[in-house]
Every structure is written in C-alpha cells, then in structure tokens.
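Structure assessment
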Amino acid sequence: MTTSAGANPLCGLLGCDFPVLLAGMGGVSRWELAAAVANAGGFGMLGMVRESPALITEEVTRLRAATDRPFAVNVIPAATEPGLLDAQIGCCLDLGVPAFTFFWDVVPEAVARVKAAGRLVLHQVGTVEAARAAEAAGADVIIAQGVEAGGHVHGRQPLRGLTEEILKAVQVPVAASGGLSSGADLAAYLAMGAAGIQCGTAFLATDESFAHRYHKDRVAAATGADTVLTDVFVLNWPAGAAVRVLENSVTKALSGAYMGHDPDALPREEIAWDGSQPRLRYSTDSPLRTTTGDLEAMALFAGQGAGAIRRIVPAAERIADMVSAAEQILGRPLSSRRGATA
C-alpha cells in the first residue's frame, strides 16, 4: 500500500503522532521504554515473547500508569507453547490491550481470535508470501523485516527490495524494519511509499531500555560491519532460527561457520543468571538490567543500523532527532497534530 504526503494511515490507525514504531524486543521493550516512545509521539510495544500472564499484567499496568497513549503487546504464536500462547492472548484481551504484534510464521487462528475481539493486529514478516498470508488472515499492518535487522530474522531478503515488493502485494499500511536508525532512513522509506518504520537497535541503546548497560555500550561502539547473522544462538527456538548479533567470543569461535547449528547438539552450559534463572550459552537470551555473569558471551542483538547509534540517550531525544532530520529532508511535517513534539 503506497502512502500519500497527506495524513499518515499508520498514525491514524495506531493513534501515534509520528510513524516510528518501537520493535517489540523480548526482554528489552518493557513498560519504561514503551511508555517513553509513546509519550514522545511514537508507537510503543511491550516485548512479551513467552512471558507469563503475571508479568504481562504487571507490565501493562505499569505502562498505563506512565502513558495514556495506545500501545501493542508483542507475542510470537509460532514460537510459543500453545497453552502459554492461549493464556497470553487471553490475558491481553482481558486487560483491554488495544493491539497485538505477531512475528514469525503466520498463525491464522491467533490473528482471528484477536480480530474477533476488535483489536488491531500488526504482523512482522520476512517474505512477500508471508505478507500476503498475514493480510489474508486479517492483519491491519504489515511490518516488512529485512535481513539487516537485529535479533531474530525471519527472511533473507534486503529490506529495500522486500519493502518494494510487499507494497505492491498488500493493501494495508506497511512499515519497514531492519537496520533503520536515522532520520534519513525514515525519510527514505516514507518517500518510497512505506507508512513508517520500526526500530529496535536505535531504542535498545536508550536510557529507558531494559537492556544491560554493557549491551547498550557495545551497540554504541559498533558499526553495521560488526554484526553477524547466525543460528548458533538458538536454544529456546526452532532449529534454523537465525539472529543478527554483535560479534563476540562465541561467534568468533565459529570461524565463519555461522549457520547450520542443531540445538539438540549444543551443550547446556550456564553462563549467566537473572536472579535464580540460569541463562545458557547458545540461548537466545540477551543481557538485561537484571543479568549477572558472562555477558560478553550472550546474544548481543544488533542490526546493521548500529553505525548510526553513537550515544545512549533518552528515547524521546532519539525520536526527536529522527523526526527532525526526516522533516528537513522531506520538507514537510510528519505530524498533523499542531504542536506535537517528540
């Protein structure tokens, strides 16, 4: 779906001022970051992948105490045990969560359940085929994820070409995601016809992010060339589920053999802890504020847009800088709300 220079369909649908979405990063996108992004005019998401209904309830309650802006909760049907997924969705519906973000394979039953309750569905995809399937299932927004993205990467196509193809294939608003960290990125994808962009790495390296300071500092010091795509950090996920991370001792030990790792063949070695919860080498867990142990050997998620991130700043400052630069490039305001500021 191609957008015009007028009212932004994504902002109108989601109730945000600027077409900048926070990626629903598991562990990292907690209430403090989601509220900061929402209060700054963007669209906040809680990353609740495989989290308990109790934690979801706590996070939604705290988020609502910090902002009155709309938000979404990110869960992943295809990578979650069915009983837990049922409880997660039920909890969110009972709490009145206005929107859900899904990712990985399209699960029509999950989309239908949320839509039947009158809630919005954003679906992140890595292929044109998945975009068509998500739209057919009832998704209101498609998020096109390019191979440049940090964290879990579903497809293998560069973002620009993928976005162009998805824009031609679906009628709902399309947001682009993957290596996008700057106002120039925002302007370029809006000019292409996307309705907005989704950012993960740019918001991981903010004050409000729940990522460990070590992870934030590594992102701020990195360039896009410092990232690798590998499926070695695969414990807790299906075989072949690749992630983009900053190079570390684990990836260097692979000597370039980044793909093809069998989770059943990987050792279960405790290297870090969140309280009493152990974190294993080769797991998909990234270091959080609460994590202690060998942080360097954990999955340090980052996209190829890390080179544009040089400082750890408040999320509001990151959005303000991004929006201001995009407006200068495009020669028009990005919000129709008079006086709206990031």
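Residues numbered from 1 in each chain as written. Predicted model: local features only at pLDDT ≥ 70, side-chain atom pairs only at ≥ 80, totals over all residues. Heavy atoms only, no water.

**Quick notes on the overall build of the protein chain**
- Along the backbone of the protein chain there are 12 helices and 14 strands.
- For 342 residues, the compact-globule estimate of 2.2 N^0.38 gives 20 Å, and the C-alpha radius of gyration of the protein chain, at 18 Å, lies within 12% of that figure.
- In terms of its C-alpha atoms, the protein chain occupies a principal-axis envelope of roughly 55 × 40 × 40 Å.
- Counting the 342 residues in the protein chain, one finds 58% classified as buried.
- Taking the 27 positively charged and 35 negatively charged side chains of the protein chain as two groups, their mean positions are separated by 5 Å. (Helix = DSSP H or I, 4+ residues; strand = E, 2+ residues; numbered from the N terminus. Rg over C-alpha atoms; globule rule 2.2 N^0.38 Å. Buried < 20%, exposed > 50% of the residue type's maximum accessible area, 1.4 Å probe, protein only. Lys, Arg positive; Asp, Glu negative; His and termini not counted. Charge placed at Lys NZ, Arg CZ, Asp CG, Glu CD.)

**Examining helix α2 (residues 31–39)**
- Turning to α2, its buried residues are Leu33, Ala34, Ala35, Ala36, Val37 and Ala38.
- If you follow the buried residues of α2, they end up packed against β1 (20–22), β2 (44–47), α3 (53–66), α9 (201–204) and α12 (315–330).
- Following α2 by one or two positions, Gly41 adopts a phi angle in the positive range, close to 105°. (Contact = heavy atoms within 4.5 Å.)

**Focus on the packing of aromatic side chains**
- Going through the model one piece at a time under the given rule, you end up with 3 aromatic pairs.
- On the numbers, 6.1 Å between centres and 50° between planes, the contact of Phe100 with Phe102 is tilted.
- On the numbers, 5.0 Å between centres and 80° between planes, the contact of Trp104 with Trp237 is edge-to-face. You can see Trp104 sitting in the loop between β4 (99–102) and α5 (108–116) and its partner Trp237 sitting in the loop between β10 (227–230) and β11 (243–246), a full 133 residues away along the chain.
- Residue Trp237 is classed as buried on the basis of its relative accessible area of 8%.
- Following the ring pairs from residue to residue traces out a cluster consisting of Phe103, Trp104 and Trp237.
- Across the ring face of Phe210, the terminal group of Arg30 is positioned such that the distance to the ring centre comes to 4.5 Å.
- Positioned above the aromatic ring of Tyr189 is the side chain of Arg160, whose terminal nitrogen or guanidinium carbon lies 5.4 Å from the ring centre. (Phe/Tyr/Trp six-rings, centres within 6.5 Å; stacked < 30°, edge-to-face > 60°. Lys NZ or Arg CZ within 6 Å of the ring centre and 35° of its normal.)

**Thoughts on the sheet that holds strand β12 (residues 270–274)**
- Taking strand neighbours across the sheet as the criterion, the 3 strands line up as β13-β12-β14 in an open arrangement whose pairing is antiparallel. Two strands close off the open sheet at either side, each with one partner strand: β13 (277–280) and β14 (291–293). Strand-to-strand, the axes of this sheet are offset by a mean angle of 35°, without reference to chain direction.
- As paired elements, β12 and β14 share 3 bridges and run antiparallel to each other. Looking across to β14, one finds that Asp274 is bridged to Thr291. (Pairing = 2+ DSSP bridges. Axes fitted to C-alpha atoms, helices over the stretch in contact; angles between N-to-C directions.)

**Some points on the pairing of β11**
- Alternating residues of β11 divide into Val243 and Val245 and Arg244 and Leu246, and every residue in both groups is buried.
- Inspection of the sheet shows strand β7 (residues 151–152) paired to β11 by 2 bridges, in the antiparallel sense. By the bridge assignment for β11, Gly151 is matched with Arg244.
- The pairing of β10 with β11 spans 4 bridges and is antiparallel. Looking at the pairing, Thr230 lines up with Val243 of β11.

**Points about the environment of Ile329**
- Considering the arrangement of structural elements, one finds Ile329 in helix α12.
- As for Ile329 and Ala187, which are separated by 142 residues in sequence, their C-alpha atoms are 6.6 Å apart.
- Sequence-distant contacts of Ile329, that is, excluding residues within four places in its chain, are made with Gly183, Ala184 and Ala187.

**Brief notes about the sheet that holds β2**
- Strand order in the open sheet formed by 8 strands is β1-β9-β8-β6-β5-β4-β3-β2, and the pairing between neighbours is parallel. The open sheet has two edge strands, β1 and β2, and neither has a second partner. Strand-to-strand, the axes of this sheet are offset by a mean angle of 25°, without reference to chain direction.
- Note: β2 against strand β3 (residues 71–74), 4 bridges, orientation parallel. In the sheet register, Gly44 faces β3, and the bridge partner there is Phe71.
- α3 rests against β2 and β3 of the sheet, and its axis sits at about 160° to β3.
- The sheet strands contacting helix α7 (residues 159–169) are β5 (120–125), β6 (141–145) and β8 (174–177), and the helix crosses β6 at an angle near 155°.

**Re helix α8 (residues 183–192)**
- Considered for burial, the residues of α8 that qualify are Gly183, Leu186, Ala187, Tyr189, Leu190 and Met192.
- Buried residues along α8 sit in contact with β1, α7, β8, β9 (196–199) and α12.
- Immediately beyond the C-terminal end of α8, within one or two residues, lies Gly193, with a positive phi of roughly 120°.

**Let's talk about the confidence of the model for the protein chain**
- Averaged over all residues, the pLDDT of the protein chain is 95; the fraction at 70 or higher stands at 96%.
- Overall, residues 338–342 carries pLDDT values under 50, and its contacts beyond four positions in sequence, including any with other chains, amount to 10 contacts. (pLDDT = per-residue confidence, 0-100.)

**Regarding the side chain of Ser283**
- Structurally, Ser283 is set in the loop between β13 and β14.
- Among residues more than four places away in sequence, those in contact with Ser283 are Phe233, Leu235, Asn236 and Ala299.

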